[in-house]
Each structure stands twice: as C-alpha cells, then as structure tokens.
Amino acid sequence: MKRARLSTGGDEEEIAEQAHGDEEENAATSPEHASSSGASSAVSSPLRWPSLPRAVVGETAFGEKMFEPFTNIDSAIVEAQGMLRTRYFAKRDRELKLVSLDDDVPRSCLVDQKLIHCRELATKIVLQTSKVVLGLSSYIDDKLLRKSSGFLIEWDSESKVGTVLTSALLIQSKFPFIDEWSAGDEYAPHAKVCVHLLDKAETTIVADLLRYDKHYNLALFKINTHMDAQIPSFTPNLNYAQEVVVLGRDGQQNLSVDHGTVQYQSPSSLHRHHYMFLRCGIKKFGIGGPIINFDGQVAGMASLPEMGFIPSSIILKCLEIWKSFDYIPRMHFGMKFLAITLLDPARIEKISRKCNIESGLVVTQVSKGSTAEKLGVRNGDIIKSWNGENISTTIELENFQFRTCKEYLDTGNNVDTSVDLLVDVFHIRKDSSVTIKLAVKVSNDFEVITKGTYPVTPKHCTIVNDDVMRNERRGQGIKGTVPMADDDDVVRGEEATRGSAVEEPGDIEARSPL
C-alpha cells in the first residue's frame, strides 16, 4: 500500500496560504470584526477544490484520460480530502452570501417574459423609486405587531428630517370584523415603530407618529436620517386598464416588485369607497408601498392584500386637508354604492334599457336609521347626481365630498354638524326620479354602516302561515283570495327572495309589518 504524503515543499506553502486566508475571511465576516460598512480589508484565499492525486493510466478510444482506481490511494489521503471538501463547501457557502453572488432574492415580476416589452423602462423607474421605499415594523411591549412598507414623501436636506407615508394598518391592534364599515378596528398610536434604512449596515431607527386616519388607513411618520434620493412626485391622473408597478419591502428588506393593470372594479360591500384595484396580488409586507406609473410618478399606495390600493387623487386630498385642519373630515352618506360604469357591459345595457340610465351609483345598502333611509332611499335605487354634479364612480364621490367638506369648513362651520345636499334619486321600484334634500353629517371619525334587523316574534308566525296559505290557494287557482302584501311591506330588496333563515339577517333590509 502506498504511504500517505500530505505535503512537501510548495504544497506546504499552498496549504498554509489557504488556511491563513480562511482565518482572515472568517475573522472579517464575524460580527465583532465587521466594519460599519460591512466591508473588510482582509484578502481571502482563492477558492480551490481539494483534488485527490490519481495517476493517469491511459486513454479511452475518444481520447479521455483514464485514472487509477480510488482503492489505490492511501486511505489517510482520502480521509483528509473529505475534511478539506467540508472546508471547501463552507467557504463556498460564505462566498455565495456575498451580495454580488447571492441569488437567494425573491424573484420579481420583471423577469417574466410577458413583461419583456416594458422591462427596460420598468427597471429604470423601479431602481430610481426603490431608494425611498422602506420597511417598517411595529411593536407593543417589545412584541412584534406588524410589518409593512412605506415610502418617503418629504425630505429636508438641512434638518435631515423626512416624512414617511404608510398604511395605518401598521399600528392596527384589533380587527374583529371583515366588514370595514362595522368600524370595530382598534389602533395603537403609541406603538413603537421602527424604520429599516437602506444603508449598507441596514440601520434601524425609531420613527415618530405625526398623524393617522382610521377611515382611509393612512399614517405619517417622522424620521431623522441621512439619505441621497430623489422624492418621487404624486400624480392624480390614473386610468382604468393602465399599467403600474407595485413596490414594497419583504421581511428581509428585499425589494418586492409586482406589475399590474388598474381594473374596472368597484369596492365590494365590505370595503370603503376610496379603493381601486389591480390585477396582481399585493404581498403581505407590501402594504403601504407605492404604486408607480411608467413615468416614475406615485399613482397610489397599496392598501389591501386583495389587490386594493388608494389612488393618489385621494391621498393628495387627505394630505392637503390634514395640513389645513389637522384631521380629515368626510361626509357620512349612510349608504354603500357601486358604480354602473364599472359593471359588465351586459348589465349596463340592461340597466340602460330598463331605467334609461347609463351611469351613476347603485345603492347596495342603506344604514339603519340613517337620513337616507328615512327619506325613502332603498337598496337598488340609483343616485344620478349630487348637487347637480353627475358622479359615476365612488372615487369621484370621494373627491366630491372632499371639495364640499373643505368649502363647508372654510366658511366657518364645524365638524359634527350637517350639510344639505341635493341628491337626484331614481327609485327602482317606482320607476321614477325624485330630488331629495339629504342632510349628511360632516365628521372626522370613520363612518359606520349599520345593517337593518328586527326581532322575529310569535306574532310573525301568523303572517308567515297566512302567506303560505295564499300561495297554496294561488297554486290551486282558487279565486277571490286576498292578494299578498307587496314584498316591500315585509322585506325590501331582491335579496329577500333569495334569503334563508340561516343567512345573516343584515344581508337584507327588513321592516316588521306590525
């Protein structure tokens, strides 16, 4: 058997150089020796594979070299090569953590072949805007509450003070209801909020809460830091079917990039009226990140994981009114709506044919006891105009109420008072239009839409039995029966014909006939 020969002459020098280089590399990457910039002056030894010494014993017919079998090599050398391989892979793992070689970064949408037509332009605006996109974390009693994204909207180069815009969901402590109009959410304004900066050391600083709004779920934080980035501008102009990019930070502060188009979609009955929607998912930690158009302007802010965002037209109005009044007033209409123009064209055509209306807001729910309910507004009715202004979407309605609120308060009026609006209503059941004077409350608190209910008592059993008997007699063709009461005397809305005893009673508006 061959005897092991670990090294002689130049081999000893190479092994010593490799070991010395590894020691310096390990020292450079250890926390106690790392510099603030994350760099090191140590020179690492080259990465080399520990190769077993095998003699060439011939060639194949194709000219490939043939080596002696492993069994001919000293077992001590084979054992040493195994340990050196372990060192090799450890060094290789450290090398792959270098930012220039690390490919363990979440894949962005811009590498998708479907976006090859806009990759160059999108990459340019993403890299420019990413310099102001930050990761945020909130804590209560040193326990993590939430993580989200945010972005700088103001920066003072002299005082080194910046303002970060994000979602107030960052400090939301409780959300017992899926319906935002239930207003059961609670917030923790005194929560500790940390901002993760983009310097090489990934510094974390504590931010100060300037203000937040529970209805629009907007929050502003102040930070003190050095930076070198251009603050992007907002644009109030956003079209349906427009391409945009959604930016954010994940839990490890990697940039998340998603591409989407603005959808022809109204907010659902669970969501407030200021949302628009994208055809792409918004990542969990991406809430609060900017929506960017292909001119590099901020077109909105990500607000819902279900692809919802607040357009910049709403954000700009909120920021403007915040500066004027230190709060965001809004009108409580007491109704939920959906836009006719965002419906399927087949539905629009049917509404146009049956009602001679092609745009407006369909009332999907009227709050119990509201002024609108008392004035006879019901589910399915269509609001054609407000103060003579035709409004086609809920975003337009939000902008209308911002203007009206500001004018109302600028004339010396206060919040928690009412302003009269002339509302043109098409009553779907009566097939007629009427203009009503709707007194709406101007408030700086979020609006609650209450579902109408009434208790079922033994007296209702007689009414139900009478209805069953009438149906049976009708089915038998018996004449002279008492006609059934109009559905509107018992329950209002087509939902009543589809309801069941186990469904949520608030899904239909009902009135006791007693």
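The numbering scheme is per chain: residues are counted from 1 as the chain's sequence reads. Per-residue local features of the predicted model are confined to residues with pLDDT of at least 70, and side-chain atom pairs are confined, for both listing and counting, to 80 or more; whole-chain, interface and lining totals are unaffected and use all residues. Think of the side-chain values as coming from all heavy atoms in the structure, minus any hydrogens and water.

If you look the protein up in an unreviewed UniProt entry, it shows as PDZ domain-containing protein from Leersia perrieri.

Peer 1: Help me get a handle on unusual backbone geometry, residues and values and all.
Peer 2: At Asn 217, a position not held by glycine, the phi torsion is positive, near 55°. Per the convention used, a helix needs a DSSP run of H or I reaching at least four residues, while a strand needs a run of E reaching at least two, with both numbered from the N terminus. In this fold, Asn 217 is placed in the loop between strand S9 (204-213) and strand S10 (218-224). Three exposure classes are used, based on accessible area relative to the maximum for each residue type with a 1.4 Å probe and protein chains only: buried under 20%, partly exposed in between, and exposed over 50%. On the basis of relative accessibility, which here comes to 6%, the residue Asn 217 falls in the buried class. A positive phi angle is found at Asn 387, which is not glycine, with a value near 50°. On the accessibility criterion, Asn 387 (39% relative accessible area) is partly exposed.

Peer 1: Run through the nonpolar core, naming residues and quoting values.
Peer 2: Nonpolar side chains tend to gather and get buried jointly when the protein is soluble and globular. Side-chain atoms within 4.5 Å link the members of a nonpolar core, which is a set of buried Ala, Val, Leu, Ile, Met, Phe, Trp, Tyr and Cys residues. Among the nonpolar cores identified, the biggest contains 96 residues, and Leu 165, Phe 333, Met 335, Phe 337 and Trp 386 are the most heavily contacted of them. Of the domains in this structure, domain 2 (111-305) and domain 3 (330-443) are the two that each give at least three residues to this core. Counting 10 residues, the second largest nonpolar core, distinct from the first, contains Ile 348, Cys 355, Ile 357 and Val 362. The domain limits used here are those given by an automatic or database domain assignment.

Peer 1: I'd like to hear about the sheet that holds strand S8 (residues 192-196), residue by residue, with values.
Peer 2: Here, any two strands with at least 2 DSSP bridges between them count as paired. The 6 strands are arranged S3-S4-S5-S10-S9-S8 in a closed barrel whose pairing can be described as antiparallel. The sheet shows a mean angle of 40° between the axes of neighbouring strands, taken without regard to direction. Two elements, strand S5 (residues 161-167) and S10, share 7 bridges in a ladder whose sense is antiparallel. Residue Ser 167 lies in a different strand from S10, and its bridge partner there is Leu 218. Residue contacts follow a heavy-atom distance rule, with two residues in contact if any of their heavy atoms lie within 4.5 Å. Inter-axis angles, ranging from 0 to 180 degrees, are taken between N-to-C directions of lines fitted to C-alpha atoms, where helices are fitted over the stretch in contact. Lying on the sheet, helix H4 (residues 312-325) is in contact with strand S4 (143-156), S5, S9 and S10; it crosses S10 at an angle near 70°.

Peer 1: Quick one: what's the story with the pairing of S10, residue by residue and with numbers?
Peer 2: With 5 of 7 residues buried, S10 lies mostly within the body of the structure. As paired elements, S9 and S10 share 5 bridges and run antiparallel to each other. By the bridge assignment, Leu 209 is partnered in S10 with Phe 221. Hairpin connection, S9 to S10: the antiparallel pair is bridged by 4 residues, and Asn 217 has positive phi, about 55°.

Peer 1: Let's hear about the environment of Ala 191: which residues, and what values?
Peer 2: Looking at where Ala 191 falls in the secondary structure, it is placed in the loop between strand S7 (186-187) and S8. Classification of Ala 191 as buried rests on a relative accessible area of 14%. On a C-alpha basis, the gap between Ala 191 and Leu 145 in space is 8.5 Å, while along the polypeptide they are 46 residues apart. Residue contacts for Ala 191: discarding those within four places in its chain leaves Tyr 139, Ile 140 and Ile 171.

Peer 1: Describe H4, and please don't skip the residues or the numbers.
Peer 2: Here the expected span of a helix is defined as 1.5 Å times the quantity of residues minus one. Helix length check: H4 (14 residues) gives 20 Å between terminal C-alpha atoms against 20 Å at 1.5 Å per residue, within 8%. Of all the positions in H4, only Ser 312, Ser 313, Ile 314, Ile 315, Cys 318, Leu 319, Ile 321, Trp 322 and Phe 325 are classed as buried. Immediately beyond the C-terminal end of H4, within one or two residues, lies Asp 326, with a positive phi of roughly 70°.

Peer 1: Provide a residue-level description of the side chain of Ser 370, including the pertinent values.
Peer 2: With respect to the helices, strands and loops of the structure, Ser 370 is situated in the loop between strand S19 (361-366) and helix H6 (371-374). Residue class for Ser 370 comes out buried when judged on its relative accessible area of 12%. N or O atoms within 3.5 Å of each other form a polar contact, as long as, within protein, one can give a hydrogen and the other can take it, and as long as residues adjacent in sequence are counted only when both atoms are side-chain atoms. A polar contact of 2.8 Å, which involves the side chain of Ser 370, links it to the backbone oxygen of Ser 367.

Peer 1: Report on the pattern of salt bridges, specifying residues and quantitative values.
Peer 2: A pair can form between side chains of opposite charge whenever their charged atoms are brought close. Salt bridges are identified by distance alone: a Lys or Arg side-chain nitrogen within 4 Å of an Asp or Glu carboxyl oxygen. Scanning the entire structure with this criterion turns up 12 salt bridges. One salt bridge connects Arg 353 with Glu 349, and the closest N-O pair in it is separated by 3.1 Å. With Arg 353 and Glu 349 both in helix H5 (residues 345-355) and 4 residues apart, the pair spans about one turn of that helix. Overall, the relative accessible area of 52% leaves Arg 353 in the exposed class. Overall, Glu 349 belongs to the partly exposed group, its relative accessible area being 42%.

Peer 1: Account for the side chain of Arg 378, with residues named and values stated.
Peer 2: Summarising the element assignment, Arg 378 is placed in the loop between H6 and strand S20 (382-386). Engagement of the side chain of Arg 378 in a polar contact is seen with the backbone oxygen of Glu 373, the distance being 2.9 Å.

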